[in-house]
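Per-entry structural report
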Amino acid sequence: MEKQPKPPPLLLLSSQLSFQNRVCEVTLNSAFLSWKEVETRPKRTSGNIYGPLKAGSHYVPVCEIISVQETEEDCPSTDTGKWQKVPQSVAESNQHAFTVSYVERTQKHRWRCSEVTLHCTDRTLCLQWVQAIREQLSLLTIRPKHLLVYINPYGGKHHGKRIYEQKVAPIFSRASISTDVIVTERANHARDHLKTEADLKKYDGVVCVGGDGMFSEIIHGLISRTQCDSGVDQDCSDEPLIPCSLRIGIIPAGSTDCICYATVGSNDPVTSALHIVVGDSQPMDVCSIHHNKTFLRYSVSLLGYGFYGDVLTDSERKRWMGPARYDISGVKTFLSHRYYEGTISFLPADENVGTPRDKLQCRSGCDICRLPSADKQVSKDEESVSDTETKGVWKVIRGKFLAINAACMSCACPRSPKGLSPSAHLADGTADLILVRKCSRFDFLRHLLRHTNKDDQFDHPFVEVYRVRQFRFTPRYEDTDSELDLRETEGSGRKRFFSQICREHPACSCSLAHSSWNCDGEILPHAAIQVRVHCQLIKLFARGIEEQSVFEEPYAFSAI
Ligand SMILES: Nc1ncnc2c1ncn2[C@@H]1O[C@H](COP(=O)(O)OP(=O)(O)OP(=O)(O)O)[C@@H](O)[C@H]1O
Ligand SMILES: CCCCCCCCCCCCC/C=C/[C@@H](O)[C@H](CO)NC(=O)CCCCC
Ligand SMILES: [Ca+2]
């Protein structure tokens with residue numbers, strides 16, 4: 001079928017207003033607010049108190065306008081932030097003004113709140129403009145009006161409360177978003193409140209101020225609540241899960257902030273607040289993790305056994321150090337160079353979702369994540385997962401591994417700007433399974449360092465990577481019950497003896513029976529796990545990482 005051309009945007013209002021003492025043609029249509037200079041600067045400039053003016057047109061998409069307000073006279077010019085004396089002639093004719101706040105893109109995927117103040121000759125015209133813009137904003141029904149905010153005061157460098165109060169709350173209030181704020185008093189406070197107490201019907205979304213651990217609490221609360229309300233048993237690993245309807249916003253205030261960084265492109269609280277205000281929506285995959293018939297946890301970023309599990313175990317004892325704990329524990333774990341034996345079985349994804357080694361990175365509006373794939377979504381009425389998922393051929397790999405990592409998304413973060421799996425997708429229903437086999441310390445270091453530069457971290461003979469829908473792991477020395485307890489007292493004299501030495505002399509390279517799984521920064525209580533990716537189970541107030549070109553040229557120009 002032929003594609004119908006889009007109708008041109010409807011013209012709503014057009015007037016000559018003044019901007020920085022210059023006359024501009026200002027236009028509002030259903031898509032853009034624009035202002036364009038129509039008069040050239042008077043030749044005589046002596047005694048002129050105005051700064052230089054950039055000539056040209058300015059366009060702001062309506063969907064990126066944050067708010068509009070009538071501006072009080074005799075107040076600082078909001079364009080420059082400085083007080084300006086208004087000359088008599090201009091003051092007489094332009095006593096009325098309104099200010100539009102809008103999103104401006106700066107460097108490194110950051111958004112800022114910018115303002116333009118437009119002066120009108122009379123109040124009626126001014127109010128007409130304010131009303132016309134407000135009417136357009138009211139049509140943007142995807143924008144949240146009432147949010148439930150959880151703040152972890154102890155995440156990252158303990159700045160969560162301050163970040164929210166100083167950087168985020170003023171933006172929400174300017175956008176007329178009302179909030180109920182809960183500062184958590186203990187670990188799992190937010191999770192339990194969401195699961196059993198919160199009146200979710202009142203809200204258009206939930207905001208999490210903290211790091212990946214805090215975000216994990218929020219998704220556990222929301223997903224469990226949604227399954228509970230729909231009668232879905234989370235212990236049943238075959239049962240499809242019901243997607244959560246509320247969107248989640250992340251205000252980064254943690255140590256890694258990988259989920260925020262990988263969905264927005266930066267870990268900047270103002271940028272995140274603005275993505276919430278404009279009502280962005282980014283679906284995201286979630287892995288469910290089971291041990292036999294028991295549900296353990298959900299994961300959206302890293303599930304790591306071996307290296308990342310050991311880094312986390314060690315770093316938990318150093319929480320007081322703040323974000324630096326990961327660097328210290330990272331070096332210590334690297335030096336210990338432990339490998340683990342076990343069996344990985346996995347169900348590969350269909351080829352149409354690409355491969356972990358293609359260069360198709362997941363970006364805003366990603367085609368792969370939008371692919372209508374038969375086995376991506378499981379309908380609510382189905383008794384169990386779709387046939388294609390169960391029919392596929394499982395692959396089995398046995399070996400000695402330094403690390404086994406599963407990344408549901410890239411896991412980009414400030415430590416590793418391209419992430420653990422640079423081409424993993426946020427919402428394609430798959431995870432990338434990365435197997436790092438036993439190799440020399442030098443080779444492992446080369447592999448790790450490639451996470452921080454442009455080189456391909458998968459281009460080593462000891463690294464394999466697969467795109468999967470499900471996987472299972474069984475450690476070689478499997479125990480049936482409480483594995484972590486048994487680890488402590490494990491085995492025959494010889495193994496126990498060497499385990500003891502390894503703990504005390506971490507520079508030696510040897511095999512311990514088990515590592516632990518690092519699940520988004522939490523330790524799992526079992527090494528033997530079954531994992532399934534649930535396509536687009538949750539939604540964030542984000543849009544994925546925008547292409548750099550959107551930032552290099554003014555967005556509005558490229559959109560016209
Ligand atoms: N009031 C509280 N007191 C103690 N712990 C809390 C409180 N609120 C939340 N937590 C817990 O703190 C843990 C860490 O929080 P958070 O993820 O915000 O920071 P982080 O660990 O420094 O960052 P990241 O997860 O990005 O590495 C979370 O697992 C969360 O359950
Ligand atoms: C010796 C040189 C080492 C250089 C290695 C650089 C590699 C960095 C890759 C970082 C991948 C982060 C994945 C995200 C994991 C989060 O869910 C989790 C909770 O916040 N963070 C960690 O486990 C914290 C993990 C921190 C690991 C260092
Ligand atoms: Ca994915």
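Heads up: these notes are all about the structure in this document. Predicted model, so just to flag it, every value in this text is computed and none were measured. (Residues numbered from 1 in each chain as written. Chains lettered and ligands numbered in written order. Predicted model: local features only at pLDDT ≥ 70, side-chain atom pairs only at ≥ 80, totals over all residues. Heavy atoms only, no water.)

We now examine the overall build of the chain. When its secondary structure is counted, the chain shows 16 helices and 21 strands. Relative to all contacts within the chain whose residues are 6 or more apart in sequence, the contacts with residues 24 or more apart total 77%. Total accessible area on the chain stands at roughly 26,700 Å², and carbon and sulfur atoms take up 51% of it. (Helix = DSSP H or I, 4+ residues; strand = E, 2+ residues; numbered from the N terminus. Contact = heavy atoms within 4.5 Å. Areas by Shrake-Rupley, 256 points an atom, 1.4 Å probe, with all protein chains shown as cover.)

Before going further, it helps to examine the pairing of strand β15 (residues 340–348). With respect to burial, β15 is a largely interior element, eight of its nine residues being buried. The sheet contact formed by β15 and strand β16 (residues 395–407) spans seven bridges and is antiparallel. The residue of β16 that forms the bridge with Thr343 is Arg398. As judged from the seven bridges shared by β15 and strand β18 (residues 463–475), these two strands associate in the antiparallel manner. Bridge pairing links Ser345 to Arg472 in β18. (Buried < 20%, exposed > 50% of the residue type's maximum accessible area, 1.4 Å probe, protein only. Pairing = 2+ DSSP bridges.)

Turning our attention to the nonpolar core. Among the nonpolar cores identified, the biggest contains 71 residues, and Tyr150, Leu194, Phe215, Ile538 and Leu540 are the most heavily contacted of them. Looking at this core, you find at least three residues from each of domain 2 (141–281 + 541–549) and domain 3 (286–373 + 393–478 + 512–536). Once residues lying within four places of it in the same chain are set aside, the contact partners of Leu194 are Leu148, Tyr150, Leu200, Val206, Ile218, Gly221, Leu222 and Arg225. Residues Ile289, Leu303, Val468 and Val533 belong to the second largest nonpolar core, which totals 27 residues. (Core = buried A, V, L, I, M, F, W, Y, C linked by side-chain atoms within 4.5 Å. Domains from an automatic or database assignment.)

Taken together, 13 residues are adjacent to ligand 2, and Asp212, Thr256, Ser301, Asn518 and Asp520 come closest. Asp212 is positioned such that a nitrogen or oxygen atom in its side chain is 2.7 Å from an oxygen atom of ligand 2. Considering ligand 2 on its own, with 690 Å² of exposed area, one finds that the protein chains cover 91% of that surface. Grouping the amino acids of the shell around ligand 2 by side-chain chemistry returns five nonpolar, six polar and two charged. Shared between two domains, the shell around ligand 2 holds at least three residues of each, these being domain 2 (141–281 + 541–549) and domain 3 (286–373 + 393–478 + 512–536). (Near = heavy atom within 4 Å. Polar contact = N/O pair within 3.5 Å; in protein donor to acceptor, adjacent residues only side chain to side chain. Nonpolar A, V, L, I, M, F, W, Y, C, P; charged D, E, K, R; others polar.)

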